Amino acid sequence: MDTEKIFLTDDGFNLVCEELTEEDLKTARHFIEMTRHMQEVHQLFLIFMKDIDDLQSEYVLKNNGNVFREQNPANSGADYISVNSHIINIISAGRTLVESMECYIENNSDIGDVKQKYLDFYHNTYDSSFAYRLLIRLRDYSQHGHLPVSSMGSNYFFDLIQIVNKPHYNHNKKFETQMESVIDEILDKYHNTPTISL
């Protein structure tokens, strides 16, 4: 649902209303803004969930990166484009949801210590989860015109070397250093191609 509506009125339209005290007006504005923003956050959450549901209704993703459409390997060019489209939608919707929640928290001084608890939780999640940071950075990467998901047949993955070395794209330096560290670790410890299964 839309959170705001505009109504055009003809000349002579007269609305009779009671004047509110400054305190009541402040309370009403706060309630309206809080309700509007919470509705938007909820709608963004539903969009995020719909994008995940759309991917899962079209494809089956296995832990090893193998992807199937119905019971057939998803190995066509159309599948490659479709999987990337789904992933770009999911990571974009997820980032938009997080940004909206951050905006709500930052602009709502009336929520007390909940604000700090949320910010601590968010920062801890960001700092402790490479996967979370990767998805955020892949969202930026995809918005600059690059497809985040690579494939080999019906096996889909994030190709870390390709992502780090992509021409015409500048990564966040701190994250680029972390990516290079992960690449080196995979090469040294596991003697394998530095990829992360979709």
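Small disclaimer: the values here were computed from a predicted structure and weren't measured.

Describing the nonpolar core
Okay, so step 1: Val83, Ile87, Leu134, Leu138, Phe158, Leu160 and Met179 are the most contacted members of the largest nonpolar core, which totals 24 residues.
Okay, so step 2: Looking at this core, the elements with two or more residues in it are α2 (77-106), α4 (130-143), β5 (155-159), α5 (160-164) and α6 (173-190).
Okay, so step 3: Of all the elements, α6 adds the most residues to this core, at five residues.
Okay, so step 4: Beyond its immediate chain neighbours, meaning those up to four positions away, Leu134 contacts Phe158, Leu160, Phe175, Met179 and Ile196.
Okay, so step 5: Tyr104, Ile105, Tyr118 and Ile136 belong to the second largest nonpolar core, which has eight residues in total.

Considerations on the packing of α2 against α4
Okay, so step 1: Relative to each other, α2 and α4 sit at 110°, their axes nearing to 9 Å. What the angle tells us is that α2 and α4 run roughly perpendicular. Residues Ile88, Ile91, Ser92, Arg95, Val98 and Glu99 of α2 form the contact with α4, whose own contacting residues are Tyr132, Leu135, Ile136, Leu138, Arg139, Ser142 and Gln143.
Okay, so step 2: The residue inventory of the contact of α2 with α4, partitioned by class, reads seven nonpolar, three polar and three charged.

Some details on the pattern of salt bridges
Okay, so step 1: Evaluation of the coordinates by the stated rule reveals twelve salt bridges.
Okay, so step 2: One continuous salt-bridge network, built from bridges that share partners, spans Arg95, Glu99, Glu102, Arg137, Arg139 and Asp140.

Description of the packing of aromatic side chains
Okay, so step 1: All chains considered together, the criterion is met by five aromatic pairs.
Okay, so step 2: Where Phe130 meets Phe175, the ring centres are 5.8 Å apart and the plane angle is 15°; that geometry is what we call stacked. One end of the pair, Phe130, is in helix α4; the other, Phe175, is in helix α6, with 45 residues separating them in the sequence. Assigned by exposure class, Phe130 and Phe175 land together as buried.
Okay, so step 3: What links up through ring pairs into an aromatic cluster is the set Tyr118, Tyr122, Tyr126 and Tyr132.

Notes on the sheet that holds β5
What links the strands of a sheet is backbone hydrogen bonding, and the strands pair in either a parallel or an antiparallel sense.
Okay, so step 1: Here three strands make up an open sheet; going across it, the order is β4-β5-β6 and the pairing antiparallel. The sheet terminates laterally at β4 (150-152) and β6 (195-197), the two strands that pair on one side only. Mean inter-strand twist for the sheet, computed between neighbouring axes without regard to direction, equals 45°.
Okay, so step 2: Its contacts with the sheet put α2 on β4 and β5, and the angle it makes with β5 is roughly 50°.

Some thoughts on the sheet that holds strand β2 (residues 67-69)
Okay, so step 1: Here we have three strands laid out as an open sheet, ordered β1-β2-β3, and antiparallel in their pairing. Taken across any chain shown, the strands that pair with only one partner, and hence form the sheet edges, are β1 (60-61) and β3 (72-73).
Okay, so step 2: Across two bridges, the pairing between β2 and β3 is antiparallel. Directly across from Phe68, in β3, lies its bridge partner Pro73.

A closer look at unusual backbone geometry
Okay, so step 1: You will see that His168, though not glycine, has its phi angle at about 65°, which is positive.
Okay, so step 2: Of note, His168 is situated in the loop between α5 and α6.
Okay, so step 3: A relative accessible area of 81% places His168 in the exposed class.

Some remarks on the packing of α2 against helix α3 (residues 113-128)
Packed helices, taken two at a time, are described by their axes: the angle between them and the distance between them.
Okay, so step 1: α3 packs onto α2 with a crossing angle of 150° between their chain directions and a minimal axis gap of 10 Å. What the angle tells us is that α2 and α3 run roughly antiparallel. Between α2 and α3 lies a crossing of left-handed hand. Residue-level contacts link Arg95, Val98, Met101, Glu102, Ile105 and Glu106 of α2 to Lys115, Tyr118, Leu119 and Tyr122 of α3.
Okay, so step 2: Here the contact of α2 with α3 is built from residues that sort into six nonpolar, no polar and four charged.

Cut-off values and rules
In every chain, residue numbers begin from 1 and rise along the written sequence. Local features are withheld for residues below a pLDDT of 70 in this predicted model, meaning they are given only at 70 or higher, and side-chain atom pairs are given and counted only at 80 or more; totals for whole chains, interfaces and linings count all residues. Only heavy atoms go into the side-chain values, all of them from the structure, while hydrogens and water stay out. What we call a nonpolar core is a set of buried Ala, Val, Leu, Ile, Met, Phe, Trp, Tyr and Cys residues that are connected through their side-chain atoms within 4.5 Å. Exposure is judged per residue with a 1.4 Å probe applied to protein chains only, and the accessible area is read against the type maximum: over 50% gives exposed, under 20% gives buried, and values in between give partly exposed. Numbering of helices and strands runs from the N terminus, with a helix taken as a DSSP run of H or I at least four residues long and a strand as a DSSP run of E at least two residues long. In what follows, a contact means two residues having at least one pair of non-hydrogen atoms within 4.5 Å. Lines fitted to C-alpha atoms define the axes, with helix axes restricted to the stretch in contact, and inter-axis angles between N-to-C directions lie between 0 and 180 degrees. An angle counts as roughly parallel when it lies under 35 degrees, as roughly antiparallel when it exceeds 145, as roughly perpendicular when it falls between 65 and 115, and as oblique in every other case. Asp, Glu, Lys and Arg are counted as charged, while Ala, Val, Leu, Ile, Met, Phe, Trp, Tyr, Cys and Pro are counted as nonpolar; the rest, among them Gly, fall into the polar class. For this document, the term salt bridge refers to a Lys or Arg side-chain nitrogen within 4 Å of an Asp or Glu carboxyl oxygen. Planes of paired rings set the category: under 30 degrees apart is stacked, over 60 is edge-to-face and the rest tilted, where pairs are Phe, Tyr or Trp rings (Trp by its six-membered ring) whose centres lie within 6.5 Å. When DSSP locates at least two bridges between a pair of strands, those strands are taken to pair. Crossing handedness follows the turn of the near helix against the far one: under a right angle anticlockwise gives a left-handed crossing, and clockwise gives a right-handed one.

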